[in-house]
Amino acid sequence: MRCAPTVGGPVTESHQTPLHQLHLDRGGRMGPFAGYELPMRYEEGPVAEHHHTRTRASLFDVSHMGIVELHGTTAAEALERLVPAAIQTLTAGRARYTCLTNETGGIIDDLIVTNQGPHLSLVLNGARKDIDLAHLTQHLGDEVRIEHRKDLALLALQGPGAEAVLSAHQPQVCDMTFMTAASGTIDGIEVGISRSGYTGEDGFELTVSNSDATALAERLLAGTDVALAGLAARDSLRLEAGLCLYGQDLTTGTTPIEADLMWSIQKARRTAGGFLGDDVIIDQIANGAPRVRVGIEPLGKRPIRDGAVLRPAGQVDAQTDGGTGLVTSGGFGPSIDRPIAMGYVPVSLSAVGTELIADVRGRDEPCRVAALPFVPHNYRRS
C-alpha cells in the first residue's frame, strides 16, 4: 500500500507526522515518501529492522496514510458501488481489504474498510488519499457524509511479539484475530485497535489522536522487545509477503484479477457486479485476464528492480512474439537471504518454474516464476 521509499535527497513541500521529533531524537534517517518526511531507517539499518520485525516486534509510523470515515445509514450500500468487495455483509468489528475501481476495472487505490458500528472507516494510501477523497465525493455525493480524520495518527506494531507487547497495556487484544477491530485505552490514551498490518507478520494498527501519538509510541517502545523500524524495512517485509505496492504493483491500468486479488472479491459479487468496472472484472473472472502478477526469483545474486522487462528464456528480442512481462517490485529478501521480485507476465508464462530473462539496463539476468508469498504469512487466524 504504498509508493516505494527513496532514501536521501531533499524533501520539498512535505508534511511531517506527529512523531517527527521522536524519529529525529531516536536517530531516524528521514526521506520523502507520499508527500511526507518519514523515517526510512534508523541507526542499525533496514536489514536489522527487518529481522527484528520477523522475530520480535517493531513499531512503524504510518501516519501518512489517510483515515476517512463514511457516515450514514446507506454508507455500506453506497460504498459497494465503488468497490468489488461485499461491504453490506461486513459485521461490526470486522475489516476487509478491497480496491476502489474505475470504469475500466483499473485500481484507483487499495484500502482497508472497517465496520466500526456507527460508521465505516477507510484506511487509504498516503499518496492516493486526495484522489480517493475526490472520487468518493464525486460518487457518493450527499448520500454519505465523508469525514477525513486529519486529527488521527496511525502506528503499526508488527511482529510475533506484538501481542505480548500490546496485551501488557490492553489485555483484550489477546482475543482479537486477523482483520478484527476494537477500541480501548492504553495508560489512559484512547486508541482504535485493528489486528492487521502490511508486513505479513502478526500485529496491530493503532489509531490515536495526533496529540497523544508520541506518548503512545513512547509507552510501547518502553518494552524491551520493541524497536522503531523505517519504511525501507516495511518495504522488504511486504515484498517477502507478496503484498502489493500501489504505484508499482497496482495502478489504474491494473485490474484486481490481473493483480491476483480475486480472493478479495466475495463470491456473490463475482457475478452480481454493481460496482465501477464490473463488466471488465466479471469477464476476466469468467474468461481469464491476459496477464497476471507472479513472484519472480532471480537466479543470480543481483536484485532485479522494478521496470525491468521480462521475456521468455531463449527469446532473443523482448519485443518479438511470445509476449513480454514487467517487474514491478524487486529487492533483497533478508529473511531468505536472496533477491526476490514480483511482476506481470502473460498467463502463458505464469506457471511456477517458468524460466524468464530480465533486461536490467541492457544486461540479461536469468530468473523464473516463483510461488507467492516468498515468506509464509504469520497472521492470527483463530
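All of these numbers come straight from a predicted model, not from anything done at the bench. (Residues numbered from 1 in each chain as written. Predicted model: local features only at pLDDT ≥ 70, side-chain atom pairs only at ≥ 80, totals over all residues. Heavy atoms only, no water.)

## A short note on the overall build of the chain
Scanning the chain for helices and strands turns up nine helices and 20 strands. A compact globule built from 382 residues would reach a C-alpha radius of gyration of about 21 Å, and the chain, at 21 Å, matches this within 12%. The C-alpha extent of the chain, read off along each of the three principal axes, is 65 × 50 × 45 Å. Looking at the 382 residues of the chain, the share that counts as buried comes to 57%. Considering only contacts in the chain between residues 6 or more positions apart, those separated by 24 or more positions represent 65%. Charge separation in the chain, taken as the distance between the mean sites of 33 positive and 46 negative side-chain charges, equals 4 Å. (Helix = DSSP H or I, 4+ residues; strand = E, 2+ residues; numbered from the N terminus. Rg over C-alpha atoms; globule rule 2.2 N^0.38 Å. Buried < 20%, exposed > 50% of the residue type's maximum accessible area, 1.4 Å probe, protein only. Contact = heavy atoms within 4.5 Å. Lys, Arg positive; Asp, Glu negative; His and termini not counted. Charge placed at Lys NZ, Arg CZ, Asp CG, Glu CD.)

## A short note on the sheet that holds strand β8 (residues 120-124)
Pairing is antiparallel in the open sheet, where five strands are placed in the order β6-β7-β8-β5-β9. The two strands at the open ends of the sheet, each matched to only one other strand, are β6 (95-101) and β9 (145-148). Adjacent strand axes in the sheet meet at a mean angle of 30°, parallel and antiparallel pairs treated alike. Helix α4 (residues 129-140) contacts β5 (66-71), β6, β7 (107-115), β8 and β9 of the sheet and is inclined by roughly 165° relative to β9. (Pairing = 2+ DSSP bridges. Axes fitted to C-alpha atoms, helices over the stretch in contact; angles between N-to-C directions.)

## Here we look at the packing of aromatic side chains
Inspection of every chain in the model, using the stated rule, returns two aromatic pairs. When the centroid spacing of 5.4 Å and the interplanar angle of 25° are considered together, the rings of Tyr 97 and Trp 263 count as stacked. Remark: Trp 263 occurs in the loop between α7 (231-240) and α8 (269-272) and Tyr 97 occurs in strand β6; sequence separation between them is 166 residues. Here Tyr 97 falls in the buried class, since its relative accessible area comes to 9%. (Phe/Tyr/Trp six-rings, centres within 6.5 Å; stacked < 30°, edge-to-face > 60°.)

## Some words on the sheet that holds strand β11 (residues 181-186)
Adjacent strands of a sheet pair through backbone hydrogen bonds, lying either parallel or antiparallel. Strand order in the open sheet formed by six strands is β11-β12-β13-β10-β4-β14, with mixed pairing between adjacent strands. Both outer strands of the open sheet, β11 and β14 (226-228), are each paired with one neighbouring strand and no more. With strand direction ignored, the average angle separating the axes of adjacent strands in the sheet is 30°. Of the pairings in the sheet, the one linking strand β4 (residues 57-61) to strand β10 (residues 152-158) comprises four bridges and is antiparallel in character. Residue Phe 60 lies in a different strand from β10, and its bridge partner there is Ala 156. Taken strand by strand, helix α6 (residues 213-221) contacts β4, β10, β11, β12 (189-194), β13 (203-209) and β14, and its axis lies near 145° from that of β13.

## Re unusual backbone geometry
In terms of backbone geometry, most residues other than glycine have negative phi values and most peptide bonds are trans. In the segment running from Leu 372 into Pro 373, the intervening peptide bond is cis, with an omega of -5°. Its place among the elements puts Pro 373 in the segment after β20 (363-370). Positive phi, normally seen in glycine, also occurs at Asp 337, with a value near 55°. Residue position: Asp 337 is located in the loop between β17 (325-333) and β18 (338-346).

## Focus: the side chain of Ser 264
Here Ser 264 shows up in the loop between α7 and α8. In this structure Ser 264 comes out as buried when scored by relative accessible area, which is 3%. Engagement of the side chain of Ser 264 in a polar contact is seen with the backbone oxygen of Leu 261, the distance being 2.6 Å. Setting aside residues up to four positions removed in sequence, Ser 264 forms contacts with Ala 85 and Tyr 97. (Polar contact = N/O pair within 3.5 Å; in protein donor to acceptor, adjacent residues only side chain to side chain.)

## A closer look at the packing of helix α2 (residues 46-55) against α7
Relative placement of two packed helices is described by the angle separating their axes and the distance separating the axes. Where α2 meets α7, the axes come as close as 8 Å, and the angle between the chain directions of the two elements is 55°. Taken together, α2 and α7 sit at an angle that is classed as oblique. You can see that α2 and α7 cross each other, and the crossing is right-handed. Of the residues in α7, those touching α2 at Pro 46, Glu 49, His 50, Thr 53 and Arg 54 are Ala 232, Ala 233, Ser 236, Leu 237 and Glu 240. (Parallel < 35°, antiparallel > 145°, perpendicular 65-115°, else oblique. Left-handed = near helix turned anticlockwise from the far one by under 90°.)

This is a description of form; function is not addressed.
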